[in-house]
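# Fold and contact review
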Amino acid sequence: LTNAGAVSVFKALSATEDILIAEQCVSGIAMLSSHPMSRVQIVEQHADAIIFDSYKEGAGEQCGWPSDEMEFGAVLTLYNLSWHEETRRVVMSRGAVKAITQLLHSDDDETRRIALQSLHNLAIDPENIPLLMGSKDTADVLDPLRYLACEMAVCTHFKPDSFALQ
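In short, a report on the structure. (Residues numbered from 1 in each chain as written. Predicted model: local features only at pLDDT ≥ 70, side-chain atom pairs only at ≥ 80, totals over all residues. Heavy atoms only, no water.)

### Some words on the overall build of the chain
Each helix and strand counted, the chain has 12 helices and zero strands in total. The order of α-helices and β-strands along the chain, N terminus first, is α-α-α-α-α-α-α-α-α-α-α-α. Across the 166 residues of the chain, 46% fall into the buried class. For the chain, restricting intrachain contacts to residue pairs at least 6 apart in sequence, the fraction spanning at least 24 positions comes to 69%. As displayed, the chain offers around 8,700 Å² of accessible surface, 58% of which is attributable to carbon and sulfur atoms. (Helix = DSSP H or I, 4+ residues; strand = E, 2+ residues; numbered from the N terminus. Buried < 20%, exposed > 50% of the residue type's maximum accessible area, 1.4 Å probe, protein only. Contact = heavy atoms within 4.5 Å. Areas by Shrake-Rupley, 256 points an atom, 1.4 Å probe, with all protein chains shown as cover.)

Shown next, in the form of structure tokens:
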């Protein structure tokens, strides 16, 4: 699918105002992001922009997105792109921390868990550590982490496992 141009098709279609089409594009990009060659193309063609754009302040509020489906597709894509060494720094520079921070506030346990793993992936690269700790979004990252590790474990059934606490 990558060789046939699926990344560019999803990117082009994602520009629509139609929430159903945008959901399908995010899901398609998420599926493609599980393949190394596709990850590089997603980043090179800026197809990851739909994810970062949907988590900019005020984005999509009028039409109710990102939806649960888009949220899950976004977190899977961010996880895969943050895991892959060739794409990790690029997504970090494009706003992965802001998107992941917002995904940490999700109502879905699995989305929060994958978002935590994505932050872990970004932190694996020593060059990203100062960016994580020195960015204006640092408080936005640390507050949800504290919430997930402390208050949420007390008031809900969510219990962070040892991997999540790394």
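### A short note on the pattern of salt bridges
In total, this model carries five salt bridges according to the counting rule given. Put simply, Glu-127 and Arg-89 hold a salt bridge, and the shortest N to O gap is 3.2 Å. Here Glu-127, found in the loop between helix H8 (109-124) and helix H9 (128-134), pairs with Arg-89, found in helix H6 (residues 85-94); they are 38 residues apart in sequence, far enough to count as distant. Across the salt bridge formed by Glu-110 and Arg-113, the nearest N and O atoms sit 3.8 Å from each other. You can see Glu-110 and its partner Arg-113 sitting in helix H8, three residues apart, about one turn around the helix. Overlapping salt bridges bring together Arg-89, Asp-125 and Glu-127 as one network. (Salt bridge = Lys/Arg side-chain N within 4 Å of Asp/Glu carboxyl O.)

### Description of the nonpolar core
Counting 31 residues, the largest nonpolar core has Ile-42, Leu-78, Val-91, Ala-96, Ile-100 and Leu-122 as its most contacted members. For this core, the secondary structure elements donating two or more residues are helix H1 (6-13), helix H2 (19-32), helix H3 (36-44), helix H4 (49-54), helix H5 (68-83), H6, helix H7 (96-103) and H8. In contact with Ile-42, not counting residues within four places along its chain, are Val-7, Ile-29, Leu-32, Ser-33, Ala-47, Asp-48 and Leu-81. (Core = buried A, V, L, I, M, F, W, Y, C linked by side-chain atoms within 4.5 Å.)

### Quick notes on H5
Along an α-helix, residues three or four apart share an orientation, since each turn contains 3.6 residues. Spanning 16 residues, H5 covers 22 Å between terminal C-alpha atoms, matching the ideal 22 Å at 1.5 Å per step. Those residues of H5 that fall on the buried side of the exposure criterion are Met-70, Glu-71, Gly-73, Ala-74, Val-75, Thr-77, Leu-78, Asn-80, Leu-81 and Ser-82. The secondary structure elements touched by the buried residues of H5 are H2, H3, H4, H6, H7 and H8. (Expected span 1.5 Å × (residues − 1).)

### Re unusual backbone geometry
Unlike most non-glycine residues, His-46 shows phi in positive territory, near 60°. Inspection of the secondary structure puts His-46 in the loop between H3 and H4. For His-46, a relative accessible area of 41% corresponds to the partly exposed category.

### Overview of a nonpolar patch on the surface
Taken together, the side chains of Val-9, Leu-13 and Ile-21 define a hydrophobic patch exposed on the protein surface, amounting to about 220 Å² of accessible area. Of note, Val-9 is situated in helix H1. (Patch = residues over 30% accessible without salt bridge, like charges linked within 9 Å, V, L, I, M, F, W, Y side chains within 5 Å.)

### Regarding the packing of H5 against H8
Here H5 crosses H8 at 20°, and the two axes come no closer than 8 Å. Here H5 is positioned roughly parallel relative to H8, judged by the angle of their axes. When the axes of H5 and H8 are compared, the crossing they make is left-handed. Contacts between H5 and H8 pair Glu-71, Phe-72, Val-75, Leu-76, Leu-78, Tyr-79, Ser-82 and Trp-83 from the former with Glu-110, Thr-111, Ile-114, Ala-115, Gln-117, Ser-118, Asn-121 and Leu-122 from the latter. Here the contact of H5 with H8 is composed, by residue class, of nine nonpolar, five polar and two charged. (Axes fitted to C-alpha atoms, helices over the stretch in contact; angles between N-to-C directions. Parallel < 35°, antiparallel > 145°, perpendicular 65-115°, else oblique. Left-handed = near helix turned anticlockwise from the far one by under 90°. Nonpolar A, V, L, I, M, F, W, Y, C, P; charged D, E, K, R; others polar.)

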